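Below are the chains, spelled out letter by letter.
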Amino acid sequence: MRLWFCLALALQVLALLASPLQAAERLNVVASFSIISDFVRAIGGERVNLTTLVGPNSDVHVYAPTPSDAKTIAAAQVLIVNGLGLEGWLPRLVQSSGSKAPIVTATTGIATLKSGSDSDPHAWQSVANAKLYVTNIRDALASADPADAEFFRDRAGRYLADLDALDREVREAIEKIPPERRKVISTHDAFGYFAAAYGIAFIAPLGVSTESEPSARDIAKIIGQVRAARIPAVFLENISDDRLVGRIAAETGAVIGGTLFSDSLTTEKGDAPTYIAMVRHNIKALTSALDH
Ligand code: ZN
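Residues numbered from 1 in each chain as written. Predicted model: local features only at pLDDT ≥ 70, side-chain atom pairs only at ≥ 80, totals over all residues. Heavy atoms only, no water.

A. Local environment of helix α8 (residues 216-228). Its 13 residues give α8 an end-to-end C-alpha distance of 18 Å, which sits within 8% of 18 Å, the value for a rise of 1.5 Å per residue. Within α8, the full set of buried residues consists of Ile219, Ile222, Ile223 and Val226. For α8, the arc enclosing every buried residue in end-on projection is 100 degrees, short of the 170-degree limit, so these residues lie on one face. Turned more than 90 degrees off the buried face of α8, the exposed positions are Arg217, Lys221 and Ala228. Where the residues of α8 are buried, they touch β7 (183-185), β8 (201-203) and α9 (243-252). Just past α8, the residue Arg230 takes up positive phi, approximately 50 degrees. (Helix = DSSP H or I, 4+ residues; strand = E, 2+ residues; numbered from the N terminus. Expected span 1.5 Å × (residues − 1). Buried < 20%, exposed > 50% of the residue type's maximum accessible area, 1.4 Å probe, protein only. Arc of directions from axis to C-beta. Contact = heavy atoms within 4.5 Å.)

Here it is as C-alpha cells:
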C-alpha cells in the first residue's frame, strides 16, 4: 500500500515537472469535429496539443457550444474547421472567445456539391477529398509551426499513401456489387460525395443538415421510391434518430443493413475510431447488404 502511494506520488511529481515544458513546445490546435481531429492527429502526432469541439458520436450540425469551448478557442494557435456551412454555430463562438488564431477551412479547393440551394458540407465522404483536407491541414500546421514542418510533411506523406490505398479498396469493393443493387436509403443526406465518387445512389429522408424534420409527405415519397426502385437496404447512422429509417424498412420490406458512420467517428471502443476505420466499416456494411 505505502509503496504504491509513494510511487503514485513520485509519478505525479514527475508529470507536473514534465508537462508544462512539453505543452509549451506543442502547437495548440483546435478541430471543430471528430473527423477533422483524426486528420490533425494523423499529421501532427505528438507535436500538436489537439482539442476537439464536437467529439465522437455527436452531431456537429446542431452542436450547442459551452463556455469552456470559448476558453479552448481563446487558447488556440490554429483553429481547423470543415466550412461549407457545417459549423453554423462557430462564427459566434469565435467572436465571443476573442480568439485571434487563424481559421483554416479544410475543404478549401474542393469541388463543392449542392443539395438544393445549400452547399453539401460532407466532402470527407470521398477519399479523394479527404486527401485535400490532409494537404490543407499539413500546410496550415507547417506554417503555424515551421520548426516542425518537416515532421508534418513526412507524416502527411505516409498518411496520403494510406488514403490512396483506401480509395482503391473502396472501388474494388463496390465493383463486386451488382450495378442494379447499388442503391440505399440513409437517414440524412450525408453521402452525396461518396455517391458521386463511387457510384452508389443514396436517398435520405432528411436533407444535408439534421436540423430539419421531414414532413409526412417527404416520408410517403421515400416509401414510394423504395418500392418503385426496389431499393434493397436501408441504413442507420450513429448521429441520427433511427425510428424513421426503421419505419421505412418496416413498410417496404427493405433490409436494415446496419449503421453507416456519416458525420462522426466513434470512441476507441466503437467500430469507427478513425477516418480510415470509418470508411472501411461503411464499405463492409454496404457490400454485405448489397453484394448478392
Ligand atoms: Zn451531416
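What follows picks up the thread again.
B. Region of the structure containing the environment of Asp263. Relative to the elements of secondary structure, Asp263 occurs in the loop between β10 (255-260) and α10 (275-290). Taking the relative accessible area as the measure of exposure, Asp263 reaches 1% and is therefore buried. The sequence separation of Asp263 and Pro121 amounts to 142 residues, and the corresponding C-alpha distance is 9.9 Å. For Asp263, the contacting residues outside a window of four places in its chain are Phe33, Ser34, Ile35, Val60, His61, His122, Trp124, His188, Ala190 and Ile239. At a separation of 3.3 Å, a polar atom in the side chain of Asp263 contacts the side chain of His122. Side-chain polar atoms of Asp263 contact the side chain of His188, separated by 3.1 Å. (Polar contact = N/O pair within 3.5 Å; in protein donor to acceptor, adjacent residues only side chain to side chain.)

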